[in-house]
Amino acid sequence: MSLKAGIVGLPNVGKSTLFNAITKQSILAANYPFATIEPNVGVVTVPDERLDCLNRMYNPKSLVPTAYEFIDIAGLVKGASGGEGLGNKFLSHIREVDAVCEVVRCFENKDVIHVEGDVDPIRDIEIINTELVLSDLEIVENRINKIGKKAQFSKDKNEQLEVEVLNKCKEALLANTPLRRIEFNKEEMPFIKSFQFITQKPIIYVANVSEEDVAVGYNEYSKIVSEYAEKENAGVIVMSCKIEEDLAGLSDEERKEFMEDLGITNSGLDKLIFETYDLLGLATFFTAGEDECRAWTFKKGMKAPECAGIIHTDFERGFIKAEVMSFEDLEKYGTELKVKEAGRVRLEGKDYLMQDGDIAYFRFNVTK
């Protein structure tokens with residue numbers, strides 16, 4: 001399952017610095033607008049102690065964690081939806097992601113230029129969000145202009161419903177309301193999904209604070225961001241992108257000592273990865289054996305055959321049963337054999353809803 005999260009924000013708020021920390025890659029992070037010209041893509045592994053435990057138990061030839069992509073998108077500016085700065089080209093990149101991580105500057109530093117002249121996190125958020133709203137509005141209006149009159153005289157119910165949905169979106173966007181705040185029913189959702197509206201995507205605000213504020217966990221700016229995010233049920237992670245970049249270059253032992261010196265127990269990066277993972281409604285199941293231990297990402301609510309299909313389409317097509325045990329039981333009893341002896345291994349059918357931490361063996365049969 002290919003998953004993507006886009007990092008957006010105004011120029012010089014810490015996006016590329018955060019991306020460096022996430023991917024442990026050295027990309028350009030310069031102190032001037034538009035340092036990022038093309039979107040940089042990095043694959044991020046999701047830390048999971050359960051996979052580490054499986055590795056110790058099975059000592060497999062291959063260990064594969066679950067992963068998804070973070071995309072660093074060039075800094076937007078006021079008027080981007082109308083072509084200002086680097087314009088719509090970069091808004092198109094945002095349409096391809098599953099979730100948006102909006103980095104907000106929450107630190108004072110006269111040596112780092114702010115494109116708007118001073119630090120004001122709510123103003124910055126609203127500049128970005130307004131550009132995303134205007135970009136979506138342009139798509140809605142263009143589509144209405146194309147099919148509106150035709151649908152008015154048509155007896156095609158799909159066309160009429162599409163126009164109704166588009167007008168619903170237009171009304172919200174004209175009120176500067178992101179589409180993620182609007183409820184759409186099952187009949188409306190297929191039309192919404194087809195347009196990949198940016199403002200319909202889940203969002204996390206990354207409050208980028210100074211190194212000095214990390215141990216405290218907040219400052220006056222990040223508190224304002226948290227209050228703003230709470231109103232729209234969005235997530236907030238407070239971190240210092242610069243510290244995260246420094247941590248990413250250290251060994252595990254050095255990293256631990258550095259964090260202790262800072263007075264923090266969890267890195268902001270780990271919090272961001274888990275928050276994004278949760279925001280997208282994702283969970284993890286495992287396959288385990290001597291050849292390979294692997295974590296697989298799935299959407300909460302998926303049934304066993306669908307999860308089997310993540311591994312291979314033939315697994316879903318020829319699904320028979322899933323032999324399932326929980327990670328908790330394997331950890332408790334120590335071996336697969338003891339889990340079986342305790343009667344904790346289950347055979348599940350096509351209607352079984354996979355659970356986070358399930359360890360599964362899929363039985364299938366495909367005939368030509």
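Quick caveat: nothing in here was measured; it's all calculated off a predicted structure.

(A) Seen up close, the sheet that holds strand β5 (residues 99-105). If you trace the six strands from one edge of the open sheet to the other, you get β2-β4-β1-β5-β6-β7, paired in mixed fashion. Each edge of the open sheet carries a strand with a single partner, namely β2 (40-45) and β7 (235-239). Across this sheet, the average inter-strand angle for adjacent strands is 25 degrees, counted without regard to direction. Here strand β1 (residues 4-8) runs beside β5; their pairing, made up of four bridges, is parallel. For Val-8, the partnering residue across the bridge sits in β5 and is Glu-102. Relative to β5, helix α4 (residues 121-153) is tilted by about 145 degrees, and along the sheet it contacts β1, β5 and β6 (203-208).

(B) A look at the pairing of strand β8 (residues 282-288). Counting buried positions over the seven residues of β8 gives seven, a clear majority of the element. With burial as the criterion, each face of β8 is covered, one bearing Leu-282, Thr-284, Phe-286 and Ala-288 and the other bearing Ala-283, Phe-285 and Thr-287. Pairing of β8 with strand β9 (residues 292-299), which is carried by seven bridges, proceeds in the antiparallel orientation. Within β9, the position partnered with Phe-285 by the bridge is Trp-296.

(C) Representation of helix α1 (residues 15-23). Among the nine residues that make up α1, nine are buried, leaving the element largely enclosed by the rest of the structure. Every buried residue of α1 is accounted for by Lys-15, Ser-16, Thr-17, Leu-18, Phe-19, Asn-20, Ala-21, Ile-22 and Thr-23.

(D) Up close: the confidence of the model for the chain. The pLDDT averaged across the chain works out to 86; a share of 90% of its residues lies at or above 70. Counting contacts from residues 26-37, a segment whose pLDDT is below 50, to residues more than four positions away or on other chains yields 30 contacts. When the criterion is pLDDT under 50, residues 84-88 qualifies, and its contacts beyond four places in sequence or with other chains add up to 13 contacts.

(E) Region of interest: the side chain of Ser-326. The topology assignment puts Ser-326 in strand β10 (residues 319-326). The buried category is assigned to Ser-326, whose relative accessible area is 14%. The contacts of Ser-326, once residues within four sequence positions are left out, are Arg-346, Gly-357 and Ile-359.

(F) View of the environment of Met-259. Along the chain, Met-259 falls in helix α9 (residues 252-262). Along the sequence, Met-259 and Ala-215 sit 44 residues apart, while their C-alpha atoms lie 9.4 Å from each other. With residues up to four places along the chain from it excluded, the contact list for Met-259 reads Leu-247, Ile-264, Thr-265, Asn-266 and Ser-267.

(G) Inspection of the packing of helix α8 (residues 241-248) against α9 at higher detail. Running from N to C, α8 and α9 cross one another at 150 degrees; their axes reach a closest spacing of 9 Å. In terms of axis orientation, α8 runs roughly antiparallel to α9. Seen along the crossing, α8 lies across α9 with a hand that is right-handed. Of the residues in α9, those in contact with Ile-243, Asp-246, Leu-247 and Ala-248 of α8 are Arg-255, Phe-258, Met-259 and Leu-262. Looking at side-chain class alone, the contact of α8 with α9 contains six nonpolar, no polar and two charged residues.

(H) Expanded view of the nonpolar core. Leu-18, Ile-22, Phe-70, Ile-94, Tyr-205 and Leu-272 are the most contacted members of the largest nonpolar core, which totals 56 residues. Look past the residues within four positions of Phe-70 in its chain and what remains in contact with it is Ala-5, Ile-7, Phe-19, Ile-22, Asn-40, Val-41, Gly-42, Val-44, Cys-101, Leu-272 and Thr-276. Listed in part, the 19 residues of the second largest apolar core include Val-163, Leu-179, Phe-191 and Phe-197.

(I) Structural context of the pattern of salt bridges. As enumerated under the stated definition, the model contains 19 salt bridges in all. Close ionic contact of Glu-188 with Lys-168 constitutes a salt bridge, the shortest N to O distance being 3.2 Å. Here Lys-168 lies in helix α5 (residues 157-174) and Glu-188 lies in the loop between α5 and α6 (189-195), a separation of 20 residues in the sequence. Look at Glu-188 and you get buried, because its relative accessible area is 11%. Among the residues examined, Lys-168 registers a relative accessible area of 28% and is labelled partly exposed.

Quick notes on the rules
Along each chain, the written sequence defines residue order, and numbers are assigned to residues from 1. Given that the model is predicted, a residue must reach a pLDDT of at least 70 before its local features are reported, and side-chain atom pairs must reach 80 or more before they are shown or counted; all residues, however, enter totals for whole chains, interfaces and linings. Note that the side-chain values use all heavy atoms of the structure and ignore hydrogens as well as water. For two strands to be treated as a pair, DSSP must find at least two bridges joining them. Helix and strand definitions follow DSSP, with helices as H or I runs of at least four residues and strands as E runs of at least two, each counted in order from the N terminus. The convention used is that axes are lines fitted to C-alpha atoms, helices contributing only their stretch in contact, and that angles between N-to-C directions extend from 0 to 180 degrees. Contacts were defined at the residue level, with two residues in contact if any of their heavy atoms lie within 4.5 Å. Buried, partly exposed and exposed residues are distinguished by accessible area as a fraction of the type maximum, computed with a 1.4 Å probe on protein chains only: under 20%, between the cut-offs, and over 50%, respectively. Per-residue confidence from the prediction method is given by pLDDT, with values spanning 0 to 100. Any angle that falls under 35 degrees is termed roughly parallel, while one over 145 is termed roughly antiparallel, one within 65 to 115 roughly perpendicular, and all others oblique. A clockwise turn of the near helix away from the far one marks a right-handed crossing, whereas an anticlockwise turn of less than a right angle marks a left-handed crossing. Classification convention: Asp, Glu, Lys, Arg as charged; Ala, Val, Leu, Ile, Met, Phe, Trp, Tyr, Cys, Pro as nonpolar; all other residues, Gly among them, as polar. For the purposes of this section, nonpolar cores are sets of buried Ala, Val, Leu, Ile, Met, Phe, Trp, Tyr and Cys residues that join through side-chain atoms within 4.5 Å. Definition used for salt bridges: Asp or Glu carboxyl oxygen within 4 Å of a side-chain nitrogen of Lys or Arg.

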